[in-house]
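Results of the structural survey
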Amino acid sequence: MEPFHLARQGKLGKQFVVVYEGSIADERLNDENGGYWVGLGTRMVDGESQPFPTADMLKEMSPYAAAVIAIGTCATWGGIPAAAGNVTGSMGLMDFLGEDYRSTFGLPVVNIPGCAPQGDNFTETVAAILMFLQGIGPLPEFDSLGRPAWLFTDTVHTTCTRGGFYEEGTFAKKYGDKECLVEIGCWGPVVQCNINKRGAINHVGGCMNVGAPCIGCTMPGFPDNFSPFYTKPPGTIVSSTVSKTTGYFIRNLRRFSMMYANRSVIWNKNNHVPSGWGHVEEASTLQKVSHYFYSKIQFHNSVRPGMKSKPHHAAQKKTEEIKQQ
Ligand code: SF4
Ligand code: SF4
């Protein structure tokens, strides 16, 4: 424990960084009963060895630290211990140290939330801060809540592997379904978290990738603002209704284009798909007509592959312009 005590007294003689996990219970609530919530080492009180409250250790060490980093949603925002009914007065580091807190390098508290926090987010941020403290790297960008901006600006939804289902208006009805999970409780569209992109461990897993709706565990409002878990968020009434309506048309238009994308030039010419796996429907007259106009638009400014006719007027004009220059 000696380095801890030297650090809190400003006598360590070296720069150090405080990394704190867990919410901080309000030890003032114990003033009358003489107890404590969480201890780190011991100290002598009235000639007796008593637990040293972790909160006191943190309060005394922080002014001498080169940086203070909160890891996990409990340490950043208070988390589950600070939810409604909070009997211990638990809070996050920002609340505990106050908005005027600055490290010896002038940094406010750095916050890396998550319950549990994504490991690479933590190591990457620590590495970036250490390089800054060593003078061999710039100060990374943080948002107004002290989160690494490059990790926590985008929402879960923007990088979700199920985003295409949302856009086409198809939604999971039960756990295990492959579609978007918003109707069974996913808050991803309003939650800042990168786990879908980064994976849970070694780039593998991540909530939606393994079938779990987002319950907002990285957010300051977690858990109360996202409860009751596993029920449809109210915003879904508008957003998924719109997706269902527009998605229905878009989905069917895409299936139509996909039908032609699934045909080779030879099959189109022979008007037949020679598959031994099953019968492939030929395009109807309406579909052929639609595809004709679709192709017209597709090759409007370019030459259709295999065409022997003159280059398209626009392309020819462009060639002439280049010649004249
Ligand atoms: S599962 Fe959630 S995050 Fe993914 S697309 Fe649906 S609403 Fe968005
Ligand atoms: S996707 Fe949601 S529940 Fe999952 S880690 Fe991110 S914030 Fe937490």
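Because the structure is a prediction, the values reported are computed rather than measured.

Surveying the vicinity of ligand 2 reveals the residues G114, V156, V191, C193, I195, C207, C214, I215, G216, C217 and T218. In the shell around ligand 2, the residues fall into eight nonpolar, three polar and no charged.

Moving on: helix α11 (residues 285–298). Its 14 residues give α11 an end-to-end C-alpha distance of 20 Å, which sits within 8% of 20 Å, the value for a rise of 1.5 Å per residue. The buried fraction of α11 amounts to zero of the 14 residues, a small share that puts the element mostly on the outside.

Turning next to the domain arrangement of the protein. Partitioning the protein into domains gives domain 1 (2–152) and domain 2 (154–261). Measuring from the centre of the C-alpha atoms in domain 1 to the corresponding centre in domain 2 gives 33 Å. If you look at the interface, domain 1 gives 14 residues, while domain 2 gives twelve residues. Going through the elements one at a time, α3 (73–77), α5 (119–133) and α6 (149–152) are the ones with two or more residues in the side of domain 1 that touches domain 2. Considered class by class, the residues forming the side of domain 1 that touches domain 2 number eight nonpolar, five polar and one charged.

So, on to the site of ligand 1. By nearness alone, 14 residues border ligand 1, and H157, C160, C180, C186 and G188 come closest of all. Grouping the constituent residues of the shell around ligand 1 by class yields ten nonpolar, three polar and one charged.

This part covers unusual backbone geometry. Residues apart from glycine generally show negative phi values, whereas peptide bonds are mostly found in trans. Cis rather than trans, the peptide bond between C115 and A116 has omega equal to 0°. Counting through the fold element by element, A116 comes out in the loop between β5 (110–112) and α5. Residue S227 is joined to P228 through a cis peptide bond whose omega torsion reads -5°. Relative to the helices and strands, P228 resides in the loop between α8 (195–198) and α9 (236–261). Even without being a glycine, H203 presents a positive backbone phi close to 65°. With respect to the helices, strands and loops of the structure, H203 is situated in the loop between α8 and α9. With 10 C-beta atoms packed within 10 Å, H203 lands in the exposed category. Phi at Y230 takes a positive value of approximately 65°, unusual for a residue other than glycine. Look at Y230 and you get partly exposed, because 13 C-beta atoms sit within 10 Å.

What counts as what
Residues numbered from 1 in each chain as written. Chains lettered and ligands numbered in written order. Predicted model: local features only at pLDDT ≥ 70, side-chain atom pairs only at ≥ 80, totals over all residues. Near = placed C-beta within 6 Å. Nonpolar A, V, L, I, M, F, W, Y, C, P; charged D, E, K, R; others polar. Helix = DSSP H or I, 4+ residues; strand = E, 2+ residues; numbered from the N terminus. Expected span 1.5 Å × (residues − 1). Buried ≥ 20, exposed ≤ 12 C-beta atoms within 10 Å, placed from the backbone. Domains from an automatic or database assignment. Contact = placed C-beta atoms within 7 Å.

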